[in-house]
Amino acid sequence: MNSRFLLISIVSTLLIFLPITAIHAASGGPHQIDIFGGKQGKVPFLHAKHQENLKDCTICHSVFPQETDAIRKLKAEGTIKPKKVMNLQCIKCHKQDKRAGKPHGPVTCATCHFK
Ligand code: HEC
Ligand code: HEC
Ligand code: HEC
């Protein structure tokens, strides 16, 4: 094979795959996740932004593991109650920040859930 062609192939492969790996490695998990929200509709969630703001993974992951669809699985096997993560993590924190007059996440149904 022509060495120039080989070099171009390697460089373009790196250009395509490096940013993807970098985003994943830097944030520890996906940047954005559509959390399963049952009948109410999915909950689009900026994972990376929360990681940056909160620093501590255990704020959320002490209740569910760092795995795809972890919350839905735990609810299905009865380990955690439906809406527990929503009420005791998401909404609780957003309301506390709102009361404190700080930047906060959504606190109403239709600003979190989308069909
Ligand atoms: C504000 C809450 C919150 C914080 C803080 C948080 N995560 Fe997550 N993480 C989630 C949610 C919600 C999911 C999705 C769970 C689901 O789909 O059931 C998730 C999923 C994940 C996944 C699996 C993603 C997938 O689908 O493959 C990984 C890996 C992960 N988190 C790593 C981390 C790491 C590392 C940190 C700390 C740097 C962190 N998370 C901090 C809420 C959080
Ligand atoms: C801050 C975002 C947020 C807000 C605000 C919110 N939800 Fe949720 N909701 C979630 C998340 C995340 C889940 C999935 C995790 C869980 O079940 O705890 C969920 C799950 C649910 C489920 C599915 C439970 C199941 O598994 O069967 C229902 C129903 C629901 N929400 C209704 C509501 C209603 C009604 C409101 C308004 C009063 C509301 N939610 C407000 C984030 C939110
Ligand atoms: C310990 C605090 C804390 C917890 C727990 C938390 N959030 Fe947030 N969230 C924030 C803060 C702070 C902001 C506002 C960030 C900003 O505007 O800079 C935010 C913003 C948001 C937003 C709007 C912008 C964005 O980042 O997408 C959504 C949607 C959201 N949160 C969903 C959730 C869901 C769903 C959960 C539960 C799985 C959750 N949050 C758990 C603190 C929290």
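Note that this is a predicted model, so its numbers are computed, not measured.

Description of the coordination of the iron atom of ligand 2
Argument step 1. Protein-derived coordination of the iron atom of ligand 2 comes from Met86 (SD) and His113 (NE2), at a distance range of 2.1 Å.
Argument step 2. Classification of the site at the iron atom of ligand 2 as octahedral follows from its six donor atoms and the range of 86 to 179° in their angles at the metal. Placement of Met86 in helix 5 (residues 84-99) and of His113 in the segment after helix 6 (109-112) is noted, with a sequence separation of 27 residues between them.
Argument step 3. Given a relative accessible area of 29%, Met86 falls into the partly exposed group.
Argument step 4. Given the relative accessible area of 15%, His113 is considered buried.

A look at the coordination of the iron atom of ligand 1
Argument step 1. Donor atoms from the polypeptide that bind the iron atom of ligand 1 are His47 (NE2) and His61 (NE2), placed at 2.0 Å.
Argument step 2. In this structure, the iron atom of ligand 1 is coordinated by six donor atoms arranged in octahedral fashion, with angles at the metal of 87 to 179°. Remark: His61 occurs in helix 3 (residues 58-61) and His47 occurs in helix 2 (residues 47-54); sequence separation between them is 14 residues.
Argument step 3. Relative accessible area serves as the criterion here: at 10%, His47 is assigned to the buried category.
Argument step 4. In this structure His61 comes out as partly exposed when scored by relative accessible area, which is 24%.

The rules behind each value
- Sequence order as written defines the numbering, with residues in each chain counted from 1.
- Chain labels run from A onward and ligand labels from 1 onward, assigned in the order the entries are written.
- Note on the predicted model: pLDDT of at least 70 is required for a residue's local features to be given, and 80 or more for side-chain atom pairs to be given and counted; whole-chain, interface and lining totals, by contrast, use all residues.
- The side-chain values count all of the structure's non-hydrogen atoms but skip hydrogen atoms and water molecules.
- Only nitrogen, oxygen and sulfur atoms count as donors, using a 2.8 Å cut-off from the metal that widens to 3.2 Å for Na, K and Ca. Water is left out, so coordination shells may look unfilled.
- Metal sites are grouped by the angles between bound donors: all angles between 85 and 135 degrees with four donors is tetrahedral, opposite donors over 155 degrees apart with the others between 65 and 115 is square planar for four donors and octahedral for six, and any other pattern is irregular.
- Each helix corresponds to a stretch of at least 4 residues labelled H or I by DSSP, and each strand to a stretch of at least 2 residues labelled E; elements are numbered beginning at the N terminus.
- Exposure classes here rest on a 1.4 Å probe applied to the protein chains alone. A residue is buried below 20% of its type maximum, exposed above 50%, and partly exposed in between.

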